[in-house]
Amino acid sequence: MLLWNIVIFLGINLMYLISPGTAFAWTFDQIALHSLPAVFIRKPWGLISYMFTHVEFFHVLFNLINLYWFGNLFRDFLGNKRVLPLYLMGGIAGGLLYLLSYMLIFPGLESTMIGASASVMCMLVACATLMPNYEIGLLFLGNVKLKWLALGLIVLGVISIPRGNVGGIIAHMGGSLFGFFYIRSLQSGTDLCKPLIWLFDAETRRERKRTQTRSKPKKSPLKVVKKPDDNNQLRLDQLLDKINEKGYNSLSAEEKAWLDKVSKEN
């Protein structure tokens, strides 16, 4: 994600330096998200490409710094597999709310949107919903709990709507809402990003295929007794898989203690 944002930022600005007229304008028009339904239908890929596109330096710098911070925090607690899917789903949610708001509030008004802000807000709010009392250090403010940081940014966005950038702020709200409901649904046992996790993670696809093709073994009259070492290795593999998918903090206290004991013995 970071790499693609940087590559597209450098590419589009290099194009602006070489050909600030036709080539830059055409490229921007292709990768931005358009508010007019007639234009969006012709360029639906804008719902994806807009969230990787920046033109202004401080816009991309602010978004990527926050994406790095909160993306890594999210990865530590819920594993790496969900980071890119959540980024995409948050951006899509923000883009769809942007389109809907222009259709209902500003029908016929043409506007374009670019930037990863909706995805970044989705990641931030997801972290704040998952661990609301987690503290981070902010310049001039000191330690601030994630729940207050997320709430403060949402309130600032809402009260600044009358002063412009209505579409961008609405997209922020869409990403924030998805981040909140994603964690709530995950806590209740439903992973809204599961289709994208399956799409992007080859190991997940292989595991699902093995589960689907695995047949029930026939019962044998002979009782097979596994060696203790085999059982330990099996459990160790299961815990390592769980850590890789959901993070170390997903382990129970008993699982952490058992893993610590095994690591000392080896």
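These figures come from a predicted structure and were not determined experimentally.

Q: Help me understand the packing of aromatic side chains, please; the structure alone is not making it clear to me.
A: Throughout the structure, instances matching the rule amount to nine aromatic pairs. Aromatic pair Phe180 and Phe181: ring centres 5.3 Å apart, planes at 80°, arrangement edge-to-face. What makes Phe181 partly exposed here is its relative accessible area of 48%. Feature note: the residues Tyr16, Phe24 and Phe28 constitute an aromatic cluster, connected by ring pairs.

Q: Whenever I open this one, a nonpolar patch on the surface confuses me. Can you help?
A: Residues Leu2, Ile6, Leu10, Phe57, Phe58, Leu61, Ile65, Tyr68 and Trp69 make up a contiguous nonpolar surface patch of about 920 Å² in total accessible area. When residues of the nonpolar patch are traced back to their parent elements, those giving at least two are α1 (2-18) and α5 (57-78). Take the nonpolar patch: its biggest share by element is six residues, from α5. Mapped onto the secondary structure, Phe58 falls in helix α5. Classification of Phe58 as exposed rests on a relative accessible area of 65%.

Q: Looking at this model, I keep getting lost on the packing of helix α6 (residues 83-104) against helix α7 (residues 117-130). Mind explaining?
A: Packed helices, taken two at a time, are described by the angle their axes make and the gap between the axes. Running from amino to carboxyl end, α6 crosses α7 at an angle of 120°, the nearest separation of the two axes being 7 Å. Classed by the angle they form, the pair α6 and α7 counts as oblique. Where α6 crosses over α7, the handedness of that crossing is right-handed. Residue-level contacts link Val83, Leu86, Tyr87, Gly90, Gly91 and Gly94 of α6 to Ala118, Ser119, Cys122, Met123 and Ala126 of α7. For the contact of α6 with α7, the class distribution of residues is seven nonpolar, four polar and no charged.

Q: Hey, could you run me through the nonpolar core in this one?
A: Soluble, globular proteins show a tendency: their nonpolar side chains are buried together. Ranked by internal contacts, the top residues of the largest apolar core, which has 46 residues, are Leu33, Phe70, Phe74, Leu86, Tyr87, Met123 and Leu146. Contributions of two or more residues to this core are made by α5, α6, α7, α8 (146-159), α9 (166-187) and α10 (194-200). Sorting elements by how many residues they give to this core places α7 first, with ten residues. Apart from the residues within four sequence positions on either side, Tyr87 is in contact with Met1, Asn5, Met51, Phe52, Leu67, Ala116, Ser119 and Met123.

Q: How do you make sense of the pairing of strand β4 (residues 142-145) when you look at a structure like this?
A: Across a regular strand the side chains alternate sides, sitting on one face of the sheet and then on the other. As defined by bridge partners, strand β3 (residues 135-138) adjoins β4 across four bridges and the pair is classed as antiparallel. Looking across to β4, one finds that Ile136 is bridged to Val144. Hairpin connection, β3 to β4: the antiparallel pair is bridged by three residues, and Phe140 has positive phi, about 75°.

What counts as what
Residues numbered from 1 in each chain as written. Predicted model: local features only at pLDDT ≥ 70, side-chain atom pairs only at ≥ 80, totals over all residues. Heavy atoms only, no water. Phe/Tyr/Trp six-rings, centres within 6.5 Å; stacked < 30°, edge-to-face > 60°. Buried < 20%, exposed > 50% of the residue type's maximum accessible area, 1.4 Å probe, protein only. Patch = residues over 30% accessible without salt bridge, like charges linked within 9 Å, V, L, I, M, F, W, Y side chains within 5 Å. Areas by Shrake-Rupley, 256 points an atom, 1.4 Å probe, with all protein chains shown as cover. Salt bridge = Lys/Arg side-chain N within 4 Å of Asp/Glu carboxyl O. Helix = DSSP H or I, 4+ residues; strand = E, 2+ residues; numbered from the N terminus. Axes fitted to C-alpha atoms, helices over the stretch in contact; angles between N-to-C directions. Parallel < 35°, antiparallel > 145°, perpendicular 65-115°, else oblique. Left-handed = near helix turned anticlockwise from the far one by under 90°. Contact = heavy atoms within 4.5 Å. Nonpolar A, V, L, I, M, F, W, Y, C, P; charged D, E, K, R; others polar. Core = buried A, V, L, I, M, F, W, Y, C linked by side-chain atoms within 4.5 Å. Pairing = 2+ DSSP bridges.

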